[in-house]
Amino acid sequence: MQFSFIDGGVTAARGFTANGVLNKIKASRTTNDTALVFSEKTCAAAGVFTQNRVQAECVKLTKAHIASGTAQAVIANSGNANACTGARGYDDARKEAVAVAEKTGIAADDVLVLSTGVIGQPLPVEKILGGMDALVGGLSKQGHEAARVAIMTTDTHYKEAAIETVIGGKTVRLGTMAKGSGMIHINMGTMLAVITTDCAISAAMLAKALRRSVAGTYNCVSIDGDTSTNDSLVILANGMAGNEMIDGEGADFDAFVAALDALNTEMAKKIAADGEGATRLVTCTVTCAATVADARGLAKAVISSNLVKAAFFGADANWGRILDAMGYSGFFFTPEKASVSFLSREGAKRYFAEGTVNGGAEHSIRVFDCGVPLDFDEDVAKKILSEEAVDILVELADGDAQGTAWGCDLTYDYVKINGDYRT
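None of the values given here were measured: they were computed from a predicted structure.

Caption draft 1: View of the overall build of the protein chain. Regarding its fold elements, the protein chain presents 13 helices and 15 strands. Its C-alpha radius of gyration of 22 Å places the protein chain within 12% of the 22 Å reference for a compact globule of 423 residues. Oriented by its inertia axes, the alpha-carbon framework of the protein chain measures out at about 70 × 55 × 35 Å. Residue burial in the protein chain is summarised as follows: out of 423 residues, 57% are buried.

Structure below.
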């Protein structure tokens, strides 16, 4: 499938505008903290949300609104999670939806509400309502730049992407923005993410595409093993590309899923690389597993292990921790047939092009081969593991399934950031 990454984030697709403003939800905030994404037409909509039993009030409201399969706007704030705030918190989220609806002339039930920040503190909703005129009045195609900053918390940089492809003979665009740096162990959602597209696709097929894509992209990310109360990933499709409506399986649906996968994979990497205090992106790929579920589960167990993450912070080729994490993961593999290699970014690029660990001594090194430990050059391994992006390759002999997961190292700064996050 042919596609290309383009600029524009959530406003890359036809008919979408966005904006972000500073409402001082946290008194110390100096950058935008409230974002709005708006479609000029009603959209098919779908979403996936946190599997945490404790769910933010905005999550409850948005799940209720999106159940109809339609939406037209998304309002999101940082600085306050509106979680564990009871009936008042739910009412506050509803007030946001009503305010957006009144200012834009749409139905309140077509407004989705997302929040991120400190748990357990009442949302200062009056600040958000007070900034509504500026938020709605500033909607524009360039507004993705203001919106992408407004959802950041401990993120060190904004995260957005957009992609263009051809479906049914028509140019189709998908755009997205996301936030996420800590409290990340994604399970059927992400921290906060909004995807927009001008593709014509039914709500049922949009939901099916999203669930299929999330399983191999966002759900394969872990920073610290903590699943947030607010994880929300919503997608809106306004149909303005003019392609024939996708209302069932087929080539057009497959093309849409492929584009969505590419977009979500790019964002999964951005989130993993920006883990709180992280100094390097760690990618684990498991090949020749019995099933895709086993491959993904094993890979995620590796990048979720605090001992593995700590070893990568120290650039220590302690591969035994990788086997250990796989062993307790609960997913199937045959240890006696497993092999482990470390690859630099160039080594990984060559591996996925050629299918063999053949990146040269400076780019790849095998440390465990078919259940047997190997003598290897510690200095070469340390050099590879010291790069800003490192791949763990686990080759099995149990089947033909493959899976990838993304994480980061565990640093001193992670503790510093989270030691006084609330205060």
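Caption draft 2: Up close: the pairing of strand E9 (residues 232-237). Of all 6 residues that make up E9, 6 are buried, and the element is covered over most of its length. Judged by which residues are buried, E9 turns out to be covered on both faces: Ser232, Val234 and Leu236 on one side and Leu233, Ile235 and Ala237 on the other are all buried. As judged from the 6 bridges shared by strand E3 (residues 34-49) and E9, these two strands associate in the antiparallel manner. Looking across to E9, one finds that alanine 44 is bridged to alanine 237. The pairing of strand E8 (residues 192-197) with E9 spans 6 bridges and is parallel. Note that in E9 the partner of isoleucine 195 across the bridge is isoleucine 235.

Caption draft 3: Representation of helix H10 (residues 320-328). Within H10 the residues assigned to the buried category are Ile322, Leu323, Ala325 and Met326. When H10 is viewed along its axis, its buried side chains cluster within an angular range of 160° and face the same direction. Along H10, exposed side chains directed more than 90 degrees from the buried face belong to Gly327 and Tyr328. For H10, the elements touching its buried residues are helix H8 (292-304), helix H9 (306-313), strand E11 (339-344), strand E12 (364-369) and strand E14 (389-395).

Caption draft 4: Looking closely at the sheet that holds E12. With mixed pairing, the 6 strands of this open sheet are ordered in space as E13-E12-E11-E14-E10-E15. Lying at the two open borders of the sheet, with one neighbouring strand each, are strand E13 (372-373) and strand E15 (401-408). Bridge count between E12 and E13: 2 bridges; the pairing is antiparallel. Bridge pairing in E13 places phenylalanine 368 opposite proline 373. Helix H11 (residues 345-354) contacts strand E10 (281-289), E11, E14 and E15 of the sheet and is inclined by roughly 120° relative to E11.

Caption draft 5: Layout of the nonpolar core. Judged by nonpolar contacts, the single largest core of 76 residues is most densely connected at Phe256, Phe342 and Ile392. Of the residues forming this core, the biggest block, 12 residues, is contributed by helix H7 (residues 251-273). Listed in part, the 50 residues of the second largest apolar core include Ala56, Ala108, Val136 and Met177.

Caption draft 6: Local environment of the pattern of salt bridges. Counted under the stated rule, the structure contains 14 salt bridges. As a salt-bridge pair, arginine 88 and aspartate 92 come within 3.6 Å of each other at their nearest N and O atoms. With arginine 88 and aspartate 92 both in helix H2 (residues 86-104) and 4 residues apart, this pair spans about one turn of that helix. Assessed through its relative accessible area of 52%, arginine 88 is described here as exposed. Among the residues examined, aspartate 92 registers a relative accessible area of 4% and is labelled buried. The partner of lysine 103 in a salt bridge is aspartate 133, with the nearest N and O atoms 2.7 Å apart. Pair noted here: lysine 103 is in helix H2 and aspartate 133 is in helix H4 (residues 132-137), with a separation of 30 residues, a long-range link. Look at lysine 103 and you get partly exposed, because its relative accessible area is 45%. A cluster of three or more residues bridged by salt bridges with shared partners is formed by Lys208, Arg212 and Glu249.

Caption draft 7: Here's a closer look at the pairing of E3. When you tally the buried positions in E3, you get 12 out of 16 residues, the bulk of the element. The sheet contact formed by strand E2 (residues 16-21) and E3 spans 6 bridges and is antiparallel. Note on E3: the bridge partner recorded for alanine 18 is valine 37. In this sheet, strand E4 (residues 70-77) lies alongside E3 in antiparallel orientation, the contact comprising 7 bridges. Of the residues in E4, the one forming a bridge with alanine 44 is threonine 70.

Caption draft 8: Focus on the packing of helix H1 (residues 57-66) against H2. Viewed as axis vectors pointing N to C, H1 and H2 meet at an angle of 55°, and their least axial separation amounts to 8 Å. It follows that H1 is oblique to H2 by the angle criterion. Note that H1 runs across H2; the crossing there is right-handed. Residues Glu57, Cys58, Lys60, Leu61, Ala64 and His65 of H1 pack against Gly86, Gly89, Tyr90, Ala93, Arg94 and Ala97 of H2.

Rules of the game
- Residues numbered from 1 in each chain as written.
- Predicted model: local features only at pLDDT ≥ 70, side-chain atom pairs only at ≥ 80, totals over all residues.
- Heavy atoms only, no water.
- Helix = DSSP H or I, 4+ residues; strand = E, 2+ residues; numbered from the N terminus.
- Rg over C-alpha atoms; globule rule 2.2 N^0.38 Å.
- Buried < 20%, exposed > 50% of the residue type's maximum accessible area, 1.4 Å probe, protein only.
- Pairing = 2+ DSSP bridges.
- Arc of directions from axis to C-beta.
- Contact = heavy atoms within 4.5 Å.
- Axes fitted to C-alpha atoms, helices over the stretch in contact; angles between N-to-C directions.
- Core = buried A, V, L, I, M, F, W, Y, C linked by side-chain atoms within 4.5 Å.
- Salt bridge = Lys/Arg side-chain N within 4 Å of Asp/Glu carboxyl O.
- Parallel < 35°, antiparallel > 145°, perpendicular 65-115°, else oblique.
- Left-handed = near helix turned anticlockwise from the far one by under 90°.

Fair warning: the whole summary comes from geometry, so function is off the table for now.
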